[in-house]
Structures are given as structure tokens and as C-alpha cells.
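# Summary of structural features
Now for the letters of each chain:
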Amino acid sequence: MEIYSTEEQQAEAIKRFFRENGATLVIGAVLGLGGLYGWKTYNQSQIDSAEAASEAYTQVVESDDVLKKSEAFVANNADSNYAVLAAFVAAKEAIEKDDLTLAAEKLTWAAEHVENAELKATAQLRLARVLASQAQYEQALATLAQPMPEAFKAQQAEIQGDIYLAQGEQDKARDAYQSALDAAKGNNNPMLQIKLDDLAQKTTV
């Protein structure tokens, strides 16, 4: 590092630096400010888009024809988590109308397009239940075999138990229910305990 012994030398060095680099500094400052403005503009654009998607989502879920309007909404907002929520609402509506095939389609789309691990797990669990209701047991079990956050392990195992029980595989069902009970870590689930107790009575009869 060059060391300057007098104030005059330091002042001259500063002047020389700006003579040699002044244009570069100005350009850099302009670009930096431009980038900051661009970033703020981008952020505001993102906020405006999110607000618009939120308002449109509200109109969908409050409409009299959720299934029809949700399709258009999902197509126009496919990159938004609101599209996934709309798919959930549409799936629920389809189930209420006893259209399990359509419900499975909506939940499959949600599971494949959402990045949030919790929303993905929610879609997978609901999809597994729908598939099981259609007696598509192997496909339902394959859906449940997908990685899920720890907080969903109890539900995951319980649904597996329900499927095994529907298939007549009581031993596997009991093991799955016990795994669900263990994963619940003390959280009270009376229905799960009833399922285990019923299986215990069947095996002792």
C-alpha cells in the first residue's frame, strides 16, 4: 500500500484518483441508483400482482360456480399460491358433488405445482384419501410414500392404516396406526386410538 507523508501529497493523490476514475464512479452510481429504482419498481409490481390475485381468488371462492371460475383463475395465476388454494377449493366442491375424478385432478395439479412443502403435503394427503375412496389403493399408497414434513407424519401414517384396513391387511393397518400414534407425540387423537382398539379386539376374537 502506498503511504503519503504530507497532506499535499494526499490531496494530489485524491485529485489524481478522481481524474482517472471519475467517469467510472459516476457511471457506477447511476447504474446503482437505476438498479435500486428498478428493484423498488419490481417489488411494487409483485405487490400489485399479489393484491390482484388475492382479490380475484376471493371472487372465485365466493362465487356460485366455484368449479368453472376456478379453472380460469388457475390458468391465469398458475405461478401463484392462490392458484393452489383455488385448486383446493375446487377439489372440495367436486367432492361435495361426488365427482371424485375431478377432485383428484385438482389435487394432483396442486401437488405438482406448489413449492411450499406444507401445501404440497396437504394436497398429497387429500389426494390419497380421494384415491382411496375410488379404491385406487396402490396409487393412494404411492402418493403417501412421497416425502412430507415431520408435522404431517401422523396423518400420513393414519391414512396408510385406513388404506391397509380397506384392503383387509389388518397387521399392516395396526402397524401404521401405531406409527401414527407415535408420530403424534402425545397429541390427543381419540379416533386413532379407537381404530387401534377395534383392531386389537378383532385379532383377539
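Residues numbered from 1 in each chain as written. Predicted model: local features only at pLDDT ≥ 70, side-chain atom pairs only at ≥ 80, totals over all residues. Heavy atoms only, no water.

### Some words on the overall build of the chain
- For the chain, the count of helices and strands is nine helices and zero strands.
- Element order for the chain, N to C, with α for helix and β for strand: α-α-α-α-α-α-α-α-α.
- In the chain, which comprises 205 residues, the proportion classed as buried is 30%.
- Working note: accessible area of the chain is about 13,300 Å², and carbon and sulfur atoms make up 53% of it. (Helix = DSSP H or I, 4+ residues; strand = E, 2+ residues; numbered from the N terminus. Buried < 20%, exposed > 50% of the residue type's maximum accessible area, 1.4 Å probe, protein only. Areas by Shrake-Rupley, 256 points an atom, 1.4 Å probe, with all protein chains shown as cover.)

### Brief notes about the environment of Ile-163
- You can see Ile-163 is positioned in helix H7 (residues 153-166).
- The buried category is assigned to Ile-163, whose relative accessible area is 1%.
- Expressed as a C-alpha distance, the spacing of Ile-163 and Tyr-137, which sit 26 residues apart in the sequence, is 6.4 Å.

### Quick look at the packing of helix H5 (residues 117-133) against helix H6 (residues 137-144)
- The geometry of H5 relative to H6 is characterised by a closest axis approach of 8 Å and an angle of 170° between their N-to-C directions. Taken together, H5 and H6 sit at an angle that is classed as roughly antiparallel. Facing Gln-124, Leu-125, Leu-127, Ala-128, Leu-131 and Ala-132 of H5, the residues of H6 in contact are Tyr-137, Gln-139, Ala-140, Thr-143 and Leu-144.
- Considered class by class, the residues forming the contact of H5 with H6 number eight nonpolar, three polar and no charged. (Axes fitted to C-alpha atoms, helices over the stretch in contact; angles between N-to-C directions. Parallel < 35°, antiparallel > 145°, perpendicular 65-115°, else oblique. Contact = heavy atoms within 4.5 Å. Nonpolar A, V, L, I, M, F, W, Y, C, P; charged D, E, K, R; others polar.)

### Examining unusual backbone geometry
- Here Asp-98, not a glycine, exhibits a phi torsion of approximately 60°, which is positive.
- Relative to the helices and strands, Asp-98 is located in the loop between helix H3 (81-96) and helix H4 (100-113).
- One non-glycine residue, Ala-135, adopts positive backbone phi at about 65°.
- You can see Ala-135 is positioned in the loop between H5 and H6.

### As for H3
- If you check H3, its first and last C-alpha atoms are 23 Å apart, about what 16 residues at 1.5 Å a residue would give, namely 22 Å.
- Within the sequence span of H3, burial applies to Ala-83, Val-84, Ala-86, Ala-87, Phe-88, Ala-90, Ala-91, Glu-93 and Ala-94.
- Of the residues trailing H3, Asp-98 is marked for its positive phi of about 60°. (Expected span 1.5 Å × (residues − 1).)

### Here's the deal with helix H2 (residues 66-76)
- Three or more residues of H2 are buried, namely Val-66, Leu-67, Ser-70, Phe-73 and Val-74. The arc that holds every buried residue of H2, seen down its axis, measures 120°, which confines them to one face. For H2, the exposed residues set more than 90 degrees away from the buried face come down to Lys-68, Ala-75 and Asn-76. (Arc of directions from axis to C-beta.)

### Describing the packing of aromatic side chains
- Going through the model one piece at a time under the given rule, you end up with zero aromatic pairs.
- Lying over the aromatic face of Phe-88, Arg-126 brings its terminal NZ or CZ to 4.9 Å of the ring centre. (Phe/Tyr/Trp six-rings, centres within 6.5 Å; stacked < 30°, edge-to-face > 60°. Lys NZ or Arg CZ within 6 Å of the ring centre and 35° of its normal.)

### Quick notes on the packing of H3 against H5
- The N-to-C vectors of H3 and H5 enclose an angle of 20°; their axes lie 12 Å apart at closest approach. Our classification of the angle between H3 and H5 gives roughly parallel. Taken as a pair, H3 and H5 cross one another with a handedness that is left-handed. Two secondary-structure elements touch here, H3 through Asn-81, Leu-85, Phe-88 and Ile-95 and H5 through Leu-119, Thr-122, Ala-123, Arg-126 and Val-130.
- Class assignment of the residues belonging to the contact of H3 with H5 gives a composition of six nonpolar, two polar and one charged. (Left-handed = near helix turned anticlockwise from the far one by under 90°.)

### Let's talk about the confidence of the model for the chain
- Scored by pLDDT, the chain comes out at a mean of 76, with 68% of its residues at no less than 70.
- Here helix H1 (residues 7-61) stands out as the least confident element of the chain, with mean pLDDT 53; H6 is the most confident, with 96.
- Every residue in residues 1-5 is under pLDDT 50, and counting partners more than four places away or in other chains gives four contacts.
- Taken together, the stretch residues 39-49 has pLDDT below 50 and engages in zero contacts with residues farther than four places along the chain or on a different chain. (pLDDT = per-residue confidence, 0-100.)

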